[in-house]
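Summary of the model geometry
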Amino acid sequence: MSTPSRRVPIEPQRVDAPLTASATFLVLTVGDGADAPATVRDVISGIDDIVKNVGFRDLDAMLSCTVGIGSSLWPRLTTRRAPAELHPFRTITGSAHTAPSTPGDLLFHIRANRRDLVFEFERQLLDVLGDAVTVVDETSGFRYFDVRDLLGFVDGTANPIGNAVADSTLVGAEDDEHVGGSYVVVQKYLHDLGAWQQLTTEQQEAIIGRRKADNIEMDDAPVGQKSHKTLATVVVDGVEHDILRDNMPFGSPGASSFGTYFIGYTRYLWVIERMLENMFIGDPPGSYDRLLDFSTAMTGSTFFAPSADVLAALADAEGVTGP
């Protein structure tokens, strides 16, 4: 017998929705037409209707959708002040590798334990958005074994748990108009599995900073190159700043395409930006993340996922600046 909490799908804008077996990461741009912002505003403010329409078929599949809004689109949808840190993804150029900035006005992070529900949600969503939007990236991810990436390592171990999830991901009193929202950064990485598999397990573990079989954290050498685990950990004045990752593998063996879709939710955008600077530029500069020798960033976009209440309020078009 279902409990009351399972009578409806997971509520919208839950950045901490459960890790699922399937997900689609959909990045769109919004057209210049006068009617495009109004269409988008109407659809995303009522996104819960599509979640209910599709999700009722199997509540245990945990269908959910989180909507992120890019900095260029924000003033076209509302006169509400933009979130304090919201800006386009900044290209990061290191000595050997670059994190590119790519277009994106809207992000839909669609999750469920059934691929058909994710598919149907996306179909209905794009149908109602129509020609107001253009798809710039559509990536379908899947859970791989015991939550491993295609490099063979467990992914997401460093995620916060318990009360720390909200503290790490949701904006607080520091930006009172956007309490309960979250900054979102997405990147699509392609892996050179052939080159990676030429490494010994010990070499792979030294790059990642964890043991491959049991996921136990390894200590870095006292001096010299830092591991991915260390470079992706942001510590300021002795305080570690967490983010919530919901990364997923994607790929096509027939096309020799293998990758990881990185998605990070954070209370403070600067935390993810610092993490990426550590990885691509290095700490110290020049000592970049050696994982990047086998993983190439293809995209990079930044969004803000407003609270469910703020998202729903976009339906009130009064005072909107227009296209």
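The present account deals with the structure reproduced in this document. Treat the numbers as computed from the prediction; the structure is a model and nothing was measured. (Residues numbered from 1 in each chain as written. Predicted model: local features only at pLDDT ≥ 70, side-chain atom pairs only at ≥ 80, totals over all residues. Heavy atoms only, no water.)

Taken together, the buried positions of helix α2 (residues 47-55) are I47, I50, V51, V54 and G55. Taken down its axis, α2 places every buried residue within 115° of arc, on the same side. (Buried < 20%, exposed > 50% of the residue type's maximum accessible area, 1.4 Å probe, protein only. Helix = DSSP H or I, 4+ residues; strand = E, 2+ residues; numbered from the N terminus. Arc of directions from axis to C-beta.)

So, on to the packing of aromatic side chains. Two measures describe an aromatic ring pair: the distance that separates the ring centres and the angle between the ring planes. Evaluated as defined, the whole model comprises eight aromatic pairs. Ring geometry for F153 versus W196: centroids 6.3 Å apart, planes at 70°, classification edge-to-face. Of the two residues, F153 is situated in the loop between β6 (133-142) and α5 (164-169) and W196 in helix α6 (residues 193-197); the sequence distance between them amounts to 43 residues. Each member of the pair, F153 together with W196, is buried. Ring geometry for Y183 against F304: centres 4.9 Å apart, planes inclined by 70°, an arrangement best described as edge-to-face. With Y183 in strand β7 (residues 182-191) and F304 in strand β14 (residues 301-305), this residue pair connects regions lying 121 residues apart in the sequence. Each member of the pair, Y183 as well as F304, carries the same accessibility label: buried. Taken together through their ring pairs, the aromatic side chains of W74, Y183 and F304 make up a single cluster. When the ring centre of Y288 is taken as reference, the NZ or CZ atom of R290 above it lies at 4.0 Å. (Phe/Tyr/Trp six-rings, centres within 6.5 Å; stacked < 30°, edge-to-face > 60°. Lys NZ or Arg CZ within 6 Å of the ring centre and 35° of its normal.)

This next bit is on the nonpolar core. Counting residues in each nonpolar core, the largest one holds 55 residues, and the members touching the most others are V40, I44, L106, F108 and F121. Looking at this core, the element that brings in the most residues is helix α9 (residues 269-280), giving seven residues. Among residues more than four places away in sequence, those in contact with V40 are V30, L73, L77, L106, L129, A132 and V133. A23, F25, Y261 and I263 belong to the second largest nonpolar core, which has 16 residues in total. (Core = buried A, V, L, I, M, F, W, Y, C linked by side-chain atoms within 4.5 Å. Contact = heavy atoms within 4.5 Å.)

Applying the stated rule across the entire model yields 16 salt bridges. The salt bridge involving E217 is made with R210; its shortest N-O contact spans 3.5 Å. By relative accessible area, E217 is classed as partly exposed at 47%. We note a salt bridge from E217 to K229, for which the minimum N-O separation is 3.6 Å. (Salt bridge = Lys/Arg side-chain N within 4 Å of Asp/Glu carboxyl O.)

Let us look at the pairing of strand β11 (residues 248-252). Pairing of β11 with strand β12 (residues 257-266) involves five bridges; the strand directions are antiparallel. Among the inter-strand pairings, P249 is bridged to a residue of β12, identified as T260. Hairpin connection of β11 to β12: four residues between the antiparallel strands, including S256 at a positive phi of 55°. (Pairing = 2+ DSSP bridges.)

Running from N to C, α2 and helix α4 (residues 115-129) point in directions that differ by 140°, and their axes come no closer than 10 Å. Taken together, α2 and α4 sit at an angle that is classed as oblique. Like other packed secondary-structure pairs, α2 and α4 cross with a definite hand, here right-handed. Across the interface between the two elements, I47, I50, V51, N53 and V54 of α2 pack against L117, E120, F121, Q124, L125 and V128 of α4. Considering only residue class, the contact of α2 with α4 consists of eight nonpolar, two polar and one charged. (Axes fitted to C-alpha atoms, helices over the stretch in contact; angles between N-to-C directions. Parallel < 35°, antiparallel > 145°, perpendicular 65-115°, else oblique. Left-handed = near helix turned anticlockwise from the far one by under 90°. Nonpolar A, V, L, I, M, F, W, Y, C, P; charged D, E, K, R; others polar.)

The N-to-C vectors of helix α1 (residues 36-45) and α4 enclose an angle of 145°; their axes lie 9 Å apart at closest approach. The residues of α4 that touch α1, namely those facing T39, V40 and V43, are L125, V128 and L129. Split into classes, the residues belonging to the contact of α1 with α4 amount to five nonpolar, one polar and no charged.

Mapped onto the secondary structure, E205 falls in helix α7 (residues 201-208). The side chain of E205 is buried and forms no salt bridge, while R211, the nearest opposite charge, is found at 5.6 Å. A polar contact of 2.9 Å, which involves the side chain of E205, links it to the backbone nitrogen of K212. Apart from residues lying up to four places away in sequence, E205 is in contact with F153, R210, R211, K212 and M218. (Lys, Arg positive; Asp, Glu negative; His and termini not counted. Polar contact = N/O pair within 3.5 Å; in protein donor to acceptor, adjacent residues only side chain to side chain.)

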